[in-house]
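Listed below are the residues making up each chain.
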Amino acid sequence: PGWSALYDVPVTCSCLDGLLSCCSDHLIKPNAVPEGLVCCLRMRVARNERRLPKQIKREPFDLPLPLTQLSIARVATNCALSLLLLTNPPAAQLLGGQVARAAPNLFTPTPNPSEYQLLAAEAWKLVDRNYADRTFAGQDWFETRQKLVKKNYDSSTDVYNEISKMLETLGDKYTRFLTPAKYKAVFAVATGDVAGIGVELAAKDVDADGKPLKQPLVVISSIVDNGPADKAGLLPGDVLESADGADLRGLEPEEAAAKVRGAPGSKIRLEVTRRGAEDVPPMIITRGKVKLEAVTSSIGSIDGSKVGLVRLKQFSTETAADMKAALRGLSSGGVTSFVIDLRGNTGGYFPGGVDVARLFLPKGSLITYTVDKTGATTAYEVYEDGEYVTSPVALLVDDK
């Protein structure tokens, strides 16, 4: 999956098969890396949205938007206490003095909490405020908070690990904690500009027969043409075993990517396994500046008619613009029909996927929708006919 942490808007999992968004109620400054980032299934309540039938709302035009006072009041029953657990005066002011005075009778605030305890409590609060399953997987969520903030932490690593353990109890693979290192990796992919060997990584948790693996693997999902990995002979489907002697098995793709990336010109020793090959020798690869080309295109022909082939590897902040440029370039070459290749697409930036869909759909089409914890639905529609709405289009997809 890919995450869009910078602007707090929904993002996709692989090929739009899941919806996520960053939980923070505050913008993360482009020049600041957060101490920790929690992502979970949710949608922000936006202002000035025209209501659609069956409580469906249109997508916000100026994401992100803070919760309105009215929205906070509406969900005060569920989240009033969580807003106050950090003894945060602004939160108390939002909900009124009566709530603020009642809270101490229910919970004993941690005296002089450390910065790590505050971070842990903030993570809990964000999940409490926005998580879709209000049973929190059947656990006593407030007791979880008490244990989390009363624990003493010696380092940021300790509190990061504890937050991750808390999220694991929810049993939701799309709710995860991003450390600063992971956040940097995600942001680099979202903007399409990284320094490394030129591969995209994905998690593999089932074997060829569809049975769960005991230990998840990190596999190469795609390779940048003419990049360092391509020149070294790495192939899509290769499993990364180690990087400079560090074991990569069992890591998440973002963690493995952080170990593989490095300064341009530096070298890295990779060990991989390849299906059908008994022994693949270790590879020494020189890192370089790599531009992740999310969109590539070429012209083919079927029965004498020109056909445009467009490969879409991921969704980033630039994908929609790149897609439009590719389609216009093909059209200028006499192409009237298109094949869109989504195989191996690793997902990414949610609005990028929505905007690409708008290029091909007629006005009024429903692209997708999200549902928040209150059951309110936000619809993502097409507001005018797409530029290529009359063009024949075929999609190539895989089992992802």
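Rules and cut-offs
- Note on numbering: residues in each chain are counted from 1, in written sequence order.
- Under the rules for a predicted model, residues below a pLDDT of 70 receive no local features and side-chain atom pairs below 80 are neither given nor counted, while totals for whole chains, interfaces and linings still include all residues.
- Note that water and hydrogens are dropped before the side-chain values are worked out from all heavy atoms of the structure.
- Starting at the N terminus, helices and strands are each numbered in turn, a helix being any DSSP run of H or I of at least four residues and a strand any DSSP run of E of at least two.
- Counting of polar contacts relies on pairs of N or O atoms within 3.5 Å, with two restrictions inside protein: one atom must be capable of donating a hydrogen and the other of accepting it, and residues adjacent in sequence are counted only when both atoms are side-chain atoms.
- The salt bridge definition used is simple: a Lys or Arg side-chain nitrogen within 4 Å of an Asp or Glu carboxyl oxygen.
- The buried label applies to any residue whose accessible area, calculated with a 1.4 Å probe on protein chains only, is under 20% of its type's maximum; exposed applies above 50%, and partly exposed to all values in between.
- When DSSP finds at least two bridges between two strands, those strands are taken to pair.
- Nonpolar side chains (Val, Leu, Ile, Met, Phe, Trp, Tyr) are joined into patches within 5 Å and like charges within 9 Å, using only residues with over 30% relative accessible area and no salt bridge.
- All accessible-area figures derive from a Shrake-Rupley calculation using a 1.4 Å probe, and residue coverage is judged against the displayed protein chains alone.

Quick notes on the side chain of Arg287
Turning to its location among the elements, Arg287 is positioned in the loop between strand 13 (283–286) and strand 14 (288–291). At a separation of 2.7 Å, a polar atom in the side chain of Arg287 contacts the main-chain carbonyl oxygen of Val260. At a separation of 3.4 Å, a polar atom in the side chain of Arg287 contacts the main-chain carbonyl oxygen of Lys267.

Points about the pattern of salt bridges
Evaluation of the coordinates by the stated rule reveals 12 salt bridges. With a closest N to O distance of 3.2 Å, Glu122 and Lys125 form a salt bridge. Linking Glu122 with Lys125, this pair stays in helix 5 (residues 115–130), spanning 3 residues, or about one helical turn. Relative accessible area serves as the criterion here: at 24%, Glu122 is assigned to the partly exposed category. Taking the relative accessible area as the measure of exposure, Lys125 reaches 5% and is therefore buried. As a salt-bridge pair, Arg249 and Asp247 come within 3.1 Å of each other at their nearest N and O atoms. The class for Arg249 is partly exposed, based on a relative accessible area of 40%. The exposure class assigned to Asp247 is partly exposed, which follows from its relative accessible area of 41%.

Some points on the pairing of strand 10 (residues 239–243)
A large share of strand 10 lies buried, amounting to 5 of its 5 residues. For strand 9 (residues 212–223) and strand 10, the ladder comprises 2 bridges, and the chain directions are antiparallel. Of the residues in strand 10, the one forming a bridge with Val219 is Val239. Sheet topology places strand 10 next to strand 12 (residues 267–273); 4 bridges connect them, and they run antiparallel. In the strand pairing of strand 12, Leu240 is matched with Val272. Sheet topology places strand 10 next to strand 11 (residues 246–247); 2 bridges connect them, and they run antiparallel. Following the sheet pairing, Ala243 is matched in strand 11 by Ala246.

Thoughts on a nonpolar patch on the surface
Taken together, the side chains of Leu366, Tyr369 and Val371 make up a nonpolar region of the molecular surface, amounting to roughly 290 Å² of accessible area. With respect to the helices and strands, Val371 occurs in strand 19 (residues 366–371).

Structural notes on the pairing of strand 13
Here strand 13 shows a buried face lined by Met283 and Ile285 and an unburied face lined by Ile284 and Thr286. In the sheet, strand 12 pairs with strand 13 via 4 bridges, with the strands oriented antiparallel. Bridge pairing in strand 13 links Ile268 to Ile285.

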